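# A look at the structure
As a plain string of letters, each chain reads:
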Amino acid sequence: MHDDRSLVESRLKRVLEERIRPALYPESVPLEVSIWTAPGEPVPVAEGLAAPRTPIAVGDAWGAPWGTSWITVTGTVPEAWAGRTVEALIDLGFDANMPGFQCEGLVYRPDGSPVKGLNPQNQWVRIATPAAGGEQVVLHVEAAANPVILDYHPFLPTELGDRDTAGDRPQYKLTRMDLAVFDETVWQLVMDLEVLGELMAELPVDGARRWDVLRAIERALDAVDLQDVNGTAAAAREQLAAVLAAPAVPSAHRISAVGHAHIDSAWLWPLRETVRKVARTTANMTALLEDEPDFVYTMSQAQQYAWIKEHRPEVYARVKKAVAEGRFVPAGGMWVESDTNMPASEAMARQFVHGKRFFLEEFGVENQEAWLPDTFGFTGGLPQIIRNAGSKWLLTQKISWSQVNTFPHHTFLWEGIDGTRIFTHFPPVDTYNCSMKGKEIAHAARNFKDKGVARHSIAPTGWGDGGGGTTREMIAKAARLRDLEGSATVRWERPAEFFEQAQAEYPNPPVWVGELYLELHRATLTSQARTKQGNRRSENLLREAELWCATAALRTGLAYPYQELDRIWKTVLLHQFHDILPGSSIAWVHREAEATYATLAGELETLIDRAQRALAGDAAGGRELVFNGAPHTRSAAPAGGAALASAARADGCAITARDGGGFVLGNGLLSVTVDGDGLVVSVVDLATGRETVAPGTRANLLQLHPDFPNMWDAWDVDQFYRNTVTDLTGVDALTVALDAPEAVAVRVARSFGSSTVVQTLTLRAGAGRLDIDTEVDWHETEKFLKAAFPLDVHTERYAAETQFGHLYRPTHTNTSWEAAKFEACNHRFVHLEEPGWGVALVTASTYGHDVTRTVRAADGGTTTTVRFSLLRAPRFPDPLTDQGLHRFRHALVPGAGIADAVREGYLISLPERRVTGSAEAVRPLVELDQDALVVSAVKLADDGSGDVIVRVYEADGGRARGRLATSFPLAGAVPCDLLERPWDGTRGSVVVSGDGVELALRPFELVTLRLTAASG
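Attention here is on the structure that accompanies the text.

What counts, and at which threshold
- Residues numbered from 1 in each chain as written.
- Predicted model: local features only at pLDDT ≥ 70, side-chain atom pairs only at ≥ 80, totals over all residues.
- Heavy atoms only, no water.
- Helix = DSSP H or I, 4+ residues; strand = E, 2+ residues; numbered from the N terminus.
- Rg over C-alpha atoms; globule rule 2.2 N^0.38 Å.
- Buried < 20%, exposed > 50% of the residue type's maximum accessible area, 1.4 Å probe, protein only.
- Contact = heavy atoms within 4.5 Å.
- Areas by Shrake-Rupley, 256 points an atom, 1.4 Å probe, with all protein chains shown as cover.
- Lys, Arg positive; Asp, Glu negative; His and termini not counted.
- Charge placed at Lys NZ, Arg CZ, Asp CG, Glu CD.
- Core = buried A, V, L, I, M, F, W, Y, C linked by side-chain atoms within 4.5 Å.
- Expected span 1.5 Å × (residues − 1).
- Arc of directions from axis to C-beta.
- Salt bridge = Lys/Arg side-chain N within 4 Å of Asp/Glu carboxyl O.
- Pairing = 2+ DSSP bridges.
- Axes fitted to C-alpha atoms, helices over the stretch in contact; angles between N-to-C directions.
- 1 Å grid on protein atoms, 1.4 Å probe; cavity = no way out; pocket = protein on both sides within 12 Å on 5 of 7 lines; lining within 4 Å.
- Points joined across faces, edges and corners; volume = space filled by probe spheres on them.
- Nonpolar A, V, L, I, M, F, W, Y, C, P; charged D, E, K, R; others polar.
- Phe/Tyr/Trp six-rings, centres within 6.5 Å; stacked < 30°, edge-to-face > 60°.
- Lys NZ or Arg CZ within 6 Å of the ring centre and 35° of its normal.

### Quick look at the overall build of the protein
When its secondary structure is counted, the protein shows 18 helices and 53 strands. Against the compact-globule benchmark of 31 Å for 1016 residues, the protein has a radius of gyration of 31 Å, which places it among compact chains. Overall, the protein is about 100 × 70 × 60 Å in size when its C-alpha atoms are taken along their principal axes. Considering the protein as a whole, with its 1016 residues, one finds that 62% of them fall into the buried category. Considering only intrachain contacts with a sequence separation of at least 6, the fraction spanning at least 24 residues in the protein is 75%. Total accessible area on the protein stands at roughly 35700 Å², and carbon and sulfur atoms take up 50% of it. When the 99 basic and 131 acidic side-chain charges of the protein are each reduced to a single mean position, those positions are 2 Å apart.

### What to know about the nonpolar core
Core analysis: the biggest nonpolar cluster contains 178 residues, and Phe328 and Leu1011 have the highest contact counts within it. Sort the elements by how many residues they give to this core and helix α16 (residues 587–616) lands first, with 10 residues. Grouped together as the second largest cluster of nonpolar side chains are 49 residues, Leu704, Phe752, Ala800 and Val830 included.

### Let's talk about helix α8 (residues 313–324)
Given 3.6 residues per turn, any residue in an α-helix points the same way as the ones three and four places further on. Over its 12 residues, α8 runs 16 Å from end to end, which matches the ideal 16 Å to within 8%, given 1.5 Å per residue. Of all the residues in α8, the buried ones are Val315, Tyr316, Val319, Ala322 and Val323. Projected down its long axis, α8 shows its buried positions confined to an angular sector of 120°, all on one face. In this structure, α8 carries Lys321 and Ala324 as exposed residues pointing more than 90 degrees from its buried face. Contact partners of the buried residues in α8: β8 (114–118), α6 (271–291), α7 (302–311), β15 (328–330) and α9 (345–363). Phi for glycine 326, located one or two positions after α8, is positive at around 80°.

### Some remarks on the pattern of salt bridges
According to the stated counting rule, one finds 80 salt bridges in the structure shown. A salt bridge links arginine 690 to glutamate 834; the shortest N-O distance between them is 3.1 Å. Taken together, the positions of arginine 690 in strand β29 (residues 690–691) and glutamate 834 in strand β40 (residues 829–834) put the pair 144 residues apart, joining distant regions of the chain. Overlapping salt bridges bring together Glu41, Glu104, Glu142, Arg163, Arg272, Glu273, Arg276, Lys277, Arg280 and Arg312 as one network.

### Section: the sheet that holds strand β32 (residues 733–740)
The 9 strands lie next to each other as β32-β33-β34-β35-β44-β41-β40-β37-β38, forming an open sheet whose pairing is antiparallel. Of all strands in the sheet, those with a lone pairing partner are β32 and β38 (805–810), marking the two edges. Averaged over all neighbouring strand pairs, the angle between strand axes comes to 20°, with direction disregarded. Bridge count for β32 against strand β33 (residues 743–752) is 7 bridges, and the pairing is antiparallel. Across the sheet, the residue bridging to threonine 735 is arginine 747, located in β33. Each of β41 (837–843) and β44 (884–894) touches helix α14 (residues 529–556); the most contacted strand, β44, lies at about 60° to it.

### Some words on the sheet that holds strand β51 (residues 989–992)
Read from one edge to the other, the open sheet built from 4 strands follows the order β46-β49-β52-β51, with strand pairing classed as antiparallel. Strand pairing shows two members of the sheet lacking a second neighbour, β46 (926–928) and β51, which therefore form its edges. Across this sheet, the average inter-strand angle for adjacent strands is 20°, counted without regard to direction.

### Thoughts on empty space enclosed by the protein
Counted according to the given criterion, the structure contains 9 cavities of 30 Å³ or more. As a volume, the largest cavity reaches approximately 170 Å³. Residue lining of the largest cavity: 13 residues in total, with Ala344, Glu346, Glu539, Arg543 and Arg828 positioned closest to the centre. At the level of elements, α9 and α14 are the ones that each hand at least two residues to the lining of the largest cavity. For the lining of the largest cavity, the element with the highest residue contribution is α14, accounting for 4 residues. Looking at the lining of the largest cavity, its residues break down into 5 nonpolar, 3 polar and 5 charged. Considered as a void within the structure, the second largest cavity measures approximately 120 Å³ in volume. Around the second largest cavity, the lining comprises 17 residues; the ones closest to its centre are Asn341, Phe376, Tyr517, Leu518 and Leu525.

### Considerations on α9
Here α9 spans 27 Å end to end across 19 residues, near enough to the 27 Å set by a 1.5 Å rise per residue. By the criterion of burial, α9 is predominantly enclosed, with 17 of the 19 residues buried. One or two positions beyond α9, positive phi appears at glycine 364, with a value near 70°.

### Thoughts on the pairing of strand β2 (residues 32–37)
Bridge count between β2 and strand β5 (residues 68–76): 6 bridges; the pairing is antiparallel. By the bridge assignment for β5, threonine 37 is matched with serine 69. Pairing of β2 with strand β3 (residues 54–55) involves 2 bridges; the strand directions are antiparallel. Bridged to isoleucine 35 within β3 is threonine 54.

### Details of unusual backbone geometry
For the bond from threonine 129 to proline 130, the omega torsion is 0°, close enough to zero to count as cis. Positionally, proline 130 belongs in the loop between β9 (124–128) and β10 (136–144). In this model, phenylalanine 876 is joined to proline 877 through a cis peptide bond whose omega is 5°. Although it is not a glycine, tryptophan 66 adopts a positive phi angle of roughly 70°. Tracing the chain through its elements places tryptophan 66 in the loop between β4 (61–62) and β5. In this model, phenylalanine 804 sits at a positive phi of 55°, which is unusual for a non-glycine residue. Summarising the element assignment, phenylalanine 804 is placed in the loop between β37 (797–802) and β38. The exposure class assigned to phenylalanine 804 is buried, which follows from its relative accessible area of 0%.

### What about the packing of aromatic side chains?
For the structure on display, the rule yields 40 aromatic pairs. Consider the rings of tryptophan 66 and tryptophan 588, whose centres lie 5.4 Å apart with planes at 90°: the pair is edge-to-face. Of this pair, tryptophan 66 sits in the loop between β4 and β5 while tryptophan 588 is found in helix α16, placing the two residues 522 residues apart along the sequence. Across the pair, exposure class does not vary: tryptophan 66 and tryptophan 588 are buried alike. The structure contains a cluster of three or more aromatic residues connected by ring pairs, namely Phe295, Tyr297, Tyr305, Tyr316, Phe328, Trp335, Phe358, Phe359, Phe363 and Trp492. The lysine or arginine in question, arginine 472, covers the ring of tryptophan 124, its NZ or CZ lying 3.7 Å from the ring centre.

The following block contains the structure:
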């Protein structure tokens, strides 16, 4: 037989497009349309419904950027349509290729009850089936004119990302506003042909199945009368019945489909618009669940449930009903789908605490899975946090975006830094927005890397990012793919059902140890510095607020601010969403985030001040107390407690002029030499005589790179940025900033491009570190600013802090996996060490860094250079990213072991506080006698019982024993999970002994204790 495949395939494409799809709605009549545009921000539903309307017609423009219009459509079902299926077709000016990224609408009945959402792939509203002739139709649409930020030519700078700069030019034109007859048979024929046509394109040409499908499609097209599609659609379907009924082979890959709409809690839209996106999507999904008995839908992010509960209670009632029926599945157990690289230990834990607790309290649902399809890489500390939250599975898809290396597994055990293993699945469909196309299903089956030992994967199905969810077309395709020869099989299943089956099928999967590094989006560790600093400050203030409020509650009876802390935590957790904290949202989002962080800081400072004043007593007492919120003892205050300020000081500091320009700073522990360019040319650890700075180099060197990645401007930095570098060595001024026995400092001023920088280098008495405070007035475009520290250290690896510990990364690039990690994340420190001597670089608020090594020609020694990433200046999606004034604080700690790095990282982040009062001292609630055991939180139990919750982890990476002593009579101590429920998952030893607990923890082990005070 002649090969006529291309002929039939081309025929199918044209007939579908030009004849069959247009026949879906064979008869229509126009609706009358009127509009009211809200003058500012969105208004309550009742106000929108009641507002006066003015006429508008198809073809008219509407919708200034970020504006809201209330559109009313009215009409009458013709008598001739009685008994037929009638739908309203409402096209607000949609681009079919952009669901979730442009205008959207939520349809209401006249009584204010929501019907469904409108988007480019969901423009219909069912009126009746069967319809009654003469029926009056009245629908109201809350239409959001969200502008297109990510257009066909992506990443172009735009001012549409903030209502203050977006202008008022209408963005859209009404395109279709009709009542129409819906032909169910034609729609089913479209689904038949789409499924078979897509399947056929994926089948091998030399296989019989492809030709069987081709001939069936040809017969069906022959059966269609192109002048009477509606009258001949049933006959065409009959020609396809046999090939659609052929069952899949027994070895076919099995896909668990789960309805899904990954909704970014903010990204190319502000938070307030996400509230409405969630309402539109969940209104659609709950309606779809009522129509489709096999369909299962899942939604993560407790915050999004809380939003619709607060703002759209009618939609939330439908959600609760569907959850109770087991059809609408809360997933993930986190407050939001957060970034996991940058949130601190406690914040990462609280994502699960608040997320899981919301689902438990609202729905009685205990999540077993973490659900993070779109997060930009995964910290090695996360498996232990997942386990301590009472969960055991993880799903993500994002690692498939890696640019260099293909991850070797789809189902595996992920082992974290402490040894905890989590059963993990990467959907081989390689998208969290599966639409049930044949190409996607075939790719999942071909791509699955665990063939031979497993054959089961999951496919999150529905339009996402900007919402929309699953469509009736996707469900129809899934029904045909349930058991179809040549295809993977598809079933709608809950995530837990998939994981249980996959784990049973594959009980001994391979193990991946350490972080799941995404070889993409590395610049998210630096973009939008103010957002990142606001997050870090909030985390530190929350730690202090909980600590001092708990202490004051037990010591003085001061009321513990449960509700305030709960609200603030949830706000901070929301802003850790993976497009807010990473700095990849529009200007509006980050402008609001900066204001929110300032408000939260004020509230937390008030809580801290109130608690400390209650503890300090009458201010007229005149004693100065030092409050230390860090988990390590300072010279004047014990860890996590307060005491009278000590009058004793270490040896004084001195500063002298250096021959040839510059200064030498000393404090008996370090000798620091600053040259005439204001750069550090020597830092000698006087205890060992060891030089820190590599020979022939200069430290604290600011370096400027061009920064124009190939795509994803705010997200990416491509490795070629290193090809060009400008060392900022020019000096505007070099002066002594401080010359006193307690501290000496020099100040360096520089200018470059349109920007200026002032750095203050300070050496304090008794401190084994050099503090570096940097103030940058930044006005560059598409530039990357780094601070370089070339160190005389030979090491093949370095440590970077992560949640509840640290992880090691190589300093070399032997493999493509190592070379791809050219920008990575740290929390408070980076540490490098040779046997017996090391260096720590600590930071108060930056995350991105790189580490490289070279061998010096002069002496053959190794120079290992650590560079902190300070600022970027991408133009998309915020064209003014990071413009303006910024302040950073870092410190160089020579002679530091890993324990010193941990301690100094906390101390730079949690400065002491001084309060005048009458108390002689305030003892900490708890004290540890082992520095390797670090307290990450002290708070009162969330249940209001008055019990004290203490979270402790082993920080050095070794086994550690210590005693946690309480300063209150101890009645009992119970190990708990993160939700403060009794838990037997602790692997180390926890033994109550008197007023204390004896602990023996494994490397990086985390333990949460519920301490009950003895009565009386």
